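Structure at a glance
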Amino acid sequence: MISLLVIIIIFAFIFDFINGFHDAANSIATIVSTKVLTPFQAVLWAAFFNFSAFFISKYIIGGFGIADTIAKSVSIQKGDPLALYVILAGLLSAIIWNLITWWFGIPSSSSHALIGGLIGGAVAHYHTFSVVNASKVLPTIFFIVAAPLIGMIMAFFITVLIVQLCKRSNPYKAERWFKRLQLVSSAAFSIGHGGNDAQKVMGLIGVAMVASNYIPDLKSIPDWVPLSCFVFIGLGTMSGGWKIVKTMGTRITKVTPLEGVAAETAGAVTLFLTEHLKIPVSTTHTITGSIIGVGATKRLSAVRWGVTVSLLWAWILTIPISGTIAALIFYLIKAFL
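Residues numbered from 1 in each chain as written. Predicted model: local features only at pLDDT ≥ 70, side-chain atom pairs only at ≥ 80, totals over all residues. Heavy atoms only, no water.

Some remarks on a nonpolar patch on the surface
- Residues Phe17, Phe40, Leu44, Leu227, Val231, Leu235 and Met238 make up a contiguous nonpolar surface patch of roughly 580 Å² in combined accessible area.
- Of all elements in the fold, only helix 3 (39–61) and helix 9 (224–238) reach the threshold of two or more residues within the nonpolar patch.
- Counting residues per element, the nonpolar patch draws most heavily on helix 9, which supplies 4 residues.
- By the secondary structure assignment, leucine 235 is in helix 9.
- Residue classification places leucine 235 among the partly exposed positions, given a relative accessible area of 40%. (Patch = residues over 30% accessible without salt bridge, like charges linked within 9 Å, V, L, I, M, F, W, Y side chains within 5 Å. Areas by Shrake-Rupley, 256 points an atom, 1.4 Å probe, with all protein chains shown as cover. Salt bridge = Lys/Arg side-chain N within 4 Å of Asp/Glu carboxyl O. Helix = DSSP H or I, 4+ residues; strand = E, 2+ residues; numbered from the N terminus. Buried < 20%, exposed > 50% of the residue type's maximum accessible area, 1.4 Å probe, protein only.)

Overview of unusual backbone geometry
- Backbone geometry places asparagine 213, a non-glycine residue, at a positive phi of 65°.
- Position of asparagine 213 relative to the elements: it lies in the loop between helix 8 (171–211) and helix 9.
- Even without glycine at this site, lysine 278 takes up a positive phi of about 65°.
- Following the sequence through the fold, lysine 278 ends up in the loop between helix 11 (257–276) and helix 12 (283–296).
- On the basis of relative accessibility, which here comes to 47%, the residue lysine 278 falls in the partly exposed class.

Considering the packing of aromatic side chains
- Going through the model one piece at a time under the given rule, you end up with 11 aromatic pairs.
- Plain terms: the ring middles of phenylalanine 54 and phenylalanine 64 are 6.1 Å apart, the flat faces sit at 25° to each other, and that makes the pair stacked. Note that phenylalanine 54 is positioned in helix 3 and phenylalanine 64 in the loop between helix 3 and helix 4 (65–71), a separation of 10 residues in sequence. Neither residue differs from the other here; phenylalanine 54 and phenylalanine 64 are each classed as buried.
- Here the aromatic residues Phe51, Phe54, Phe55, Phe64 and Phe230 are joined through ring pairs into a cluster of three or more. (Phe/Tyr/Trp six-rings, centres within 6.5 Å; stacked < 30°, edge-to-face > 60°.)

Structure follows, in structure tokens:
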């Protein structure tokens, strides 16, 4: 049981690392496309603030509420000899889906892949959807639409406001200032990204520890778990994710430093809000919506809607596909037990 727990923790950290490079584009796409930083400088910048989110979540926000939501998304019976296999199947499913979407340059949601995997593994084991905790899962599903929509609307109005305030400014001086401000906005978004995504793996490790009787409850998760999760997502971000950077930074719409500030600010505010509400959301969906919002201020045709629609299909399919993969993995594991 303990050896299986160790295997799950190792794969959880692998998932966190993959999550980092898969979602690196979320934090750095606009800052790279506007040439404020080189790609190498940008990933170092984002990785530092991904890790810094640990201290903000722990000491300023006051806890890891998103981890608790992930851990309670399905009801896994304590002491169940197959419980850890359910968790392992969900984790492997999320890793596989992340690697597939990374390979094809599709900015899908690591969060929804993980939740879908847990649901698929649990339903395959218990043969009922009653194990799904609707009060935790339904808000997450709702924010598949709400998070990008909030980011889009907020980015649209922030962009319009900035343009109105700066319309009499010298364009060259204004651009220099917005390049500096983009360092701040990208740092804020990276903090939101780290605080949101690192906690998801923390919750999964916590439920595995409870299921294996290593700890009595989720409140007893040892400090090294959240710290390690934030370290691994930071290391993953440092490794980059250049295919997705191209999609996010150039293929949806061309972004200026002013628009980069607006998109990242809107995305960061959305992530801070959802972390406060303890709702795990997709940082990918959030920043994509924000980029669409700034593109729409110029004209609707400035947004490449064909690319956006294909991304939307990937978002919709993530939970059911990762759930199906997890169910198949669980049945394979069970067959060889």
